[in-house]
Amino acid sequence: MQRWRGLEDIPQDWGRSVVTIGSYDGVHRGHQLIIGRAVATARELGVPSVVVTFDPHPSEVVRPGSHPPILAPYDRRAELMAGLGVDALLILPFTADFSQLSPADFIVKVLVDKLHALAVIEGPNFRFGHRAAGNVDFLRELGSTYDYRVEVVDLVERGEAGGGVPFSSTLARRLVAEGDMDGAAEVLGRPHRVEGVVVRGAQRGRELGYPTANVETQPHTAIPADGVYAGWLTADGERMPAAISVGTNVQFDATERTVEAYAIDRVGLDLYGKHVAVDFLAYVRGMAKFESLDGLLEAIADDVKRARVLTDAYDMKR
């Protein structure tokens, strides 16, 4: 999949294409319906498919300080989109100037002049342009002028998560914040992932016999509620079952909130400075302060046992 950052990265000889536009944070199951339709339409028409998204999230520019928690960083979104068959990803820097583009100017500058859209695929609530004044009706109206068609994917994906409301990034963020990893996975179509670089921490886990990777997450990352989780730690392409701790270390009166993952039964791992991924499968228990070191060690041993059982059972089902 080709990746472009800014309109100037688009090849000069780029021909007609099928385009879909959106933030697509998380590339959840609702997003997958729209992106999947764009890919299928592109193949029917014999042209490439392009996803257009924005960095940073438009809300941060329009309303500074309102950046929502991020379900998936851009590299992860690109990986997920490539898995859906997308041919090109265009990340548009969302600046104050860009936010002033009228809906008509956005269509001309992005869809017509650069991507030569043959078809545009969107959900029914798609909005664009200055003050989000553009909608699918306006997009369709200008399609007759600029020779592209518009298809609205009016399909709603829903399940038990969130009490049966339609799947959305907002719902996924809420479920993650609540520690409901089953619900988040239902919306996302996979376990929620947090990424970052392993940094040195207080090394208390190592002293206790359970060395953890202290993951310095990226800004605005959607981090689950404080607690202990079962999941996986992926480093250097290897996926390892893990017991994961999120929050301040109340046992030692720490104040900094951290994400720490213990790779079960792995000895001698040296991950400092490496980019890793932590996938959250299930909530195991809340954070607690124990009366003794023995009580803490007993709880950690039980956490590891439960994490091993849960990850083994998940892998056996797949």
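Located above this text is the structure these notes cover.
Conventions used here
- Residues numbered from 1 in each chain as written.
- Predicted model: local features only at pLDDT ≥ 70, side-chain atom pairs only at ≥ 80, totals over all residues.
- Heavy atoms only, no water.
- Pairing = 2+ DSSP bridges.
- Helix = DSSP H or I, 4+ residues; strand = E, 2+ residues; numbered from the N terminus.
- Axes fitted to C-alpha atoms, helices over the stretch in contact; angles between N-to-C directions.
- Core = buried A, V, L, I, M, F, W, Y, C linked by side-chain atoms within 4.5 Å.
- Buried < 20%, exposed > 50% of the residue type's maximum accessible area, 1.4 Å probe, protein only.
- Contact = heavy atoms within 4.5 Å.
- Parallel < 35°, antiparallel > 145°, perpendicular 65-115°, else oblique.
- Left-handed = near helix turned anticlockwise from the far one by under 90°.
- Arc of directions from axis to C-beta.
- Polar contact = N/O pair within 3.5 Å; in protein donor to acceptor, adjacent residues only side chain to side chain.
- Phe/Tyr/Trp six-rings, centres within 6.5 Å; stacked < 30°, edge-to-face > 60°.

*Asks:* Explain the sheet that holds strand 5 (residues 117-122) residue by residue, including any values.
*Replies:* Strands sit in the order 1-4-3-2-5-6 across an open sheet of 6 strands; the sheet is parallel. Unpaired on one side and paired on the other, strand 1 (2-5) and strand 6 (149-152) mark the two borders of the sheet. Sheet twist, expressed as the average angle between the axes of neighbouring strands with direction ignored, equals 25°. For strand 5 and strand 6, the ladder comprises 4 bridges, and the chain directions are parallel. Within strand 6, the position partnered with Ile 121 by the bridge is Glu 151.

*Asks:* Explain the nonpolar core residue by residue, including any values.
*Replies:* With 29 residues, the main nonpolar core has Val 50, Leu 115 and Leu 139 as its most contacted residues. For this core, the secondary-structure elements that each account for two or more residues are strand 2 (17-21), strand 3 (49-55), strand 4 (88-93), helix 5 (103-112), strand 5 and helix 6 (136-146). The element that contributes the greatest number of residues to this core is helix 5, accounting for 5 residues. In this structure, Leu 115 is in contact with Trp 4, Ile 10, Trp 14, Gly 15, Arg 16, Ser 17, Val 19, Val 50, Val 52, Leu 90 and Val 110, ignoring residues within four places of it in sequence.

*Asks:* Tell me what's going on with the packing of helix 7 (residues 169-178) against helix 8 (residues 181-188), and back it up with residues and numbers.
*Replies:* Two elements in contact, helix 7 and helix 8, have axes separated by 8 Å at closest approach and are oriented at 160°. Between helix 7 and helix 8, the angle is such that the two are roughly antiparallel. Seen from above, helix 7 lies across helix 8 with left-handed handedness. The segment helix 7 lies against helix 8, with Leu 171, Ala 172, Leu 175 and Val 176 engaging Gly 183, Ala 184, Val 187 and Leu 188.

*Asks:* An account of helix 6 is requested, with residue identities and associated values reported.
*Replies:* Looking only at helix 6, the buried set comprises Val 136, Leu 139, Leu 142 and Gly 143. End-on, the buried residues of helix 6 take up no more than an arc of 125°, which puts them together on one face. In helix 6, the exposed residues that point more than 90 degrees away from the buried face are Asp 137, Glu 141, Ser 144 and Thr 145. Where helix 6 is buried, its residues touch helix 5, strand 5 and strand 6. Among the residues of helix 6, the N-terminal cap falls to Asn 135, whose side-chain oxygen and the backbone nitrogen of Asp 137 are separated by 3.2 Å.

*Asks:* Give a description of the sheet that holds strand 12 (residues 275-285) that names residues and reports values.
*Replies:* Spatially, 7-8-11-10-9-12 is the arrangement adopted by the 6 strands of the closed barrel, whose pairing is antiparallel. For this sheet, the mean inter-axis angle between neighbouring strands, taken without regard to orientation, is 45°. Here strand 8 (residues 213-217) runs beside strand 11 (residues 258-263); their pairing, made up of 3 bridges, is antiparallel. From the neighbouring strand, Ala 213 faces strand 11, where its bridge partner is Ala 261.

*Asks:* Now, about unusual backbone geometry: what can you tell me, with residues and values included?
*Replies:* Of all residues except glycine, most have a negative phi; of all peptide bonds, most are trans. Note the cis peptide between Asp 55 and Pro 56, where omega equals 0°. The phi dihedral of Asp 265 falls on the positive side, at around 65°, and the residue is not glycine. Looking at the element boundaries, Asp 265 is found in the loop between strand 11 and strand 12.

*Asks:* Go over the packing of aromatic side chains with me, naming the residues and quoting the values.
*Replies:* Counted by the stated rule, this structure contains 11 aromatic pairs. Note on Phe 94 and Phe 98: the rings are 5.5 Å apart at their centroids and 65° apart in plane angle, and the pair reads as edge-to-face. Here Phe 94 matches Phe 98 in class, with each residue buried. Both rings, one in Tyr 210 and one in Tyr 262, keep their centres 5.2 Å apart while their planes meet at 80°; by these two values the pair is edge-to-face. Of the two residues, Tyr 210 sits in the loop between helix 9 (204-208) and strand 8 while Tyr 262 sits in strand 11, which places them 52 residues apart along the sequence. Of the two residues, Tyr 210 and Tyr 262, neither departs from the other in class, the shared state being buried.

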